[in-house]
Amino acid sequence: MLGVELICVGKMREKHYIDALREYEKRLTTMCRFKIEELPEQRLPENPNPKEIAAALDREAELILKKIPAGAWVCALCIEGGMLSSEQLAEKLQSLAVSGVSRTVFVIGGSFGLHERVKQRADFRLSMSKMTFPHHLARVMFSEQIYRAFSIQAGGKYHN
């Protein structure tokens, strides 16, 4: 069974996001070894300058990179990434599993995104949309897409 881990910057606090995420976690337990790792978002002043943002992203990158298991296939979710349809994501996960990959890691940054070091570590860069979403909502949306991908692979009715 494929291991799928989300490494996310920031702690979920909104009950509606937490409830939605728990629902997809529950559904995914029968399809993969699903895990979510929450890392602290670095605190910044109200109107941070570029230097402060860069320093915060650097500290977050250190935490992220330490959490990535050796040998894992890594995908950074970032705006400059390529886009995949739900079917293409299902094919990507299937091809990884067939090729012997046992652990996949998807990284979702905080309010200011991901440091370039994390993007460079990634085997793939993925953009969910040309639009911008709150990172907590992106976490729920991407968990749903992972569930959808496994449902597509299984020929389930969820995707239809």
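Computed from a predicted structure; not experimentally measured.

A. The side chain of Arg139, seen in detail. Note on placement: Arg139 falls in helix 5 (residues 135-154). Once residues within four sequence positions are removed from consideration, Arg139 is found in contact with Leu6, Cys8, Val9, Gly10, Met12, Leu21, Glu38 and Ile108.

B. Local environment of the confidence of the model for the protein. For the protein, per-residue confidence averages 94 on the pLDDT scale, and residues scoring 70 or more make up 99% of the total. Within the protein, no element has a lower average pLDDT than helix 5, which sits at 94, and none a higher one than strand 5 (residues 124-126), at 98.

C. Here's a closer look at the environment of Arg117. Note that Arg117 resides in helix 4 (residues 116-121). Expressed as a C-alpha distance, the spacing of Arg117 and Leu57, which sit 60 residues apart in the sequence, is 9.6 Å. Look past the residues within four positions of Arg117 in its chain and what remains in contact with it is Asp58, Ala61, Glu62 and Leu65. Of note is the side chain of Arg117, whose polar atom sits 2.8 Å from the side chain of Asp58.

D. Structural detail: the nonpolar core. Counting 28 residues, the largest nonpolar core has Val4, Leu6, Phe34, Phe106, Phe142, Ile146 and Phe150 as the members making the most contacts within it. Elements represented by at least two residues in this core include exactly strand 1 (3-9), helix 1 (15-28), strand 2 (33-39), strand 3 (73-82), helix 3 (86-98), strand 4 (103-108) and helix 5. Per element, the largest residue contribution to this core is six residues, and it comes from helix 5. Beyond its immediate chain neighbours, meaning those up to four positions away, Val4 contacts Cys32, Arg33, Phe34, Lys35, Thr104, Phe106, Ile146 and Phe150. In terms of nonpolar packing, the next biggest core, distinct from the first, is built from 15 residues, Val9, Leu39, Ala72 and Cys78 among them.

E. Quick look at the pairing of strand 4. Burial analysis of strand 4 places five of its six residues in the buried class, which makes it a mostly covered element. In terms of strand pairing, strand 1 meets strand 4 through six bridges, oriented parallel. Residue pairing across strands places Leu6 opposite Phe106, the latter belonging to strand 4. Two strands pair when backbone bridges link them, and strand 3 and strand 4 are joined in this way by five bridges, in the parallel orientation. Across the sheet, the residue bridging to Cys75 is Phe106, located in strand 4.

F. View of the packing of helix 1 against helix 5. Relative to each other, helix 1 and helix 5 sit at 20 degrees, their axes nearing to 9 Å. With respect to helix 5, the axis of helix 1 lies roughly parallel. When you trace helix 1 past helix 5, the crossing you get is left-handed. Residue-level contacts link Tyr17, Ala20, Leu21, Tyr24, Arg27 and Leu28 of helix 1 to His136, Leu137, Arg139, Val140, Ser143, Glu144, Ile146, Tyr147 and Phe150 of helix 5. Residue composition of the contact of helix 1 with helix 5, grouped by class: 10 nonpolar, two polar and three charged.

What counts as what
Residues numbered from 1 in each chain as written. Predicted model: local features only at pLDDT ≥ 70, side-chain atom pairs only at ≥ 80, totals over all residues. Heavy atoms only, no water. Helix = DSSP H or I, 4+ residues; strand = E, 2+ residues; numbered from the N terminus. Contact = heavy atoms within 4.5 Å. pLDDT = per-residue confidence, 0-100. Polar contact = N/O pair within 3.5 Å; in protein donor to acceptor, adjacent residues only side chain to side chain. Core = buried A, V, L, I, M, F, W, Y, C linked by side-chain atoms within 4.5 Å. Buried < 20%, exposed > 50% of the residue type's maximum accessible area, 1.4 Å probe, protein only. Pairing = 2+ DSSP bridges. Axes fitted to C-alpha atoms, helices over the stretch in contact; angles between N-to-C directions. Parallel < 35°, antiparallel > 145°, perpendicular 65-115°, else oblique. Left-handed = near helix turned anticlockwise from the far one by under 90°. Nonpolar A, V, L, I, M, F, W, Y, C, P; charged D, E, K, R; others polar.

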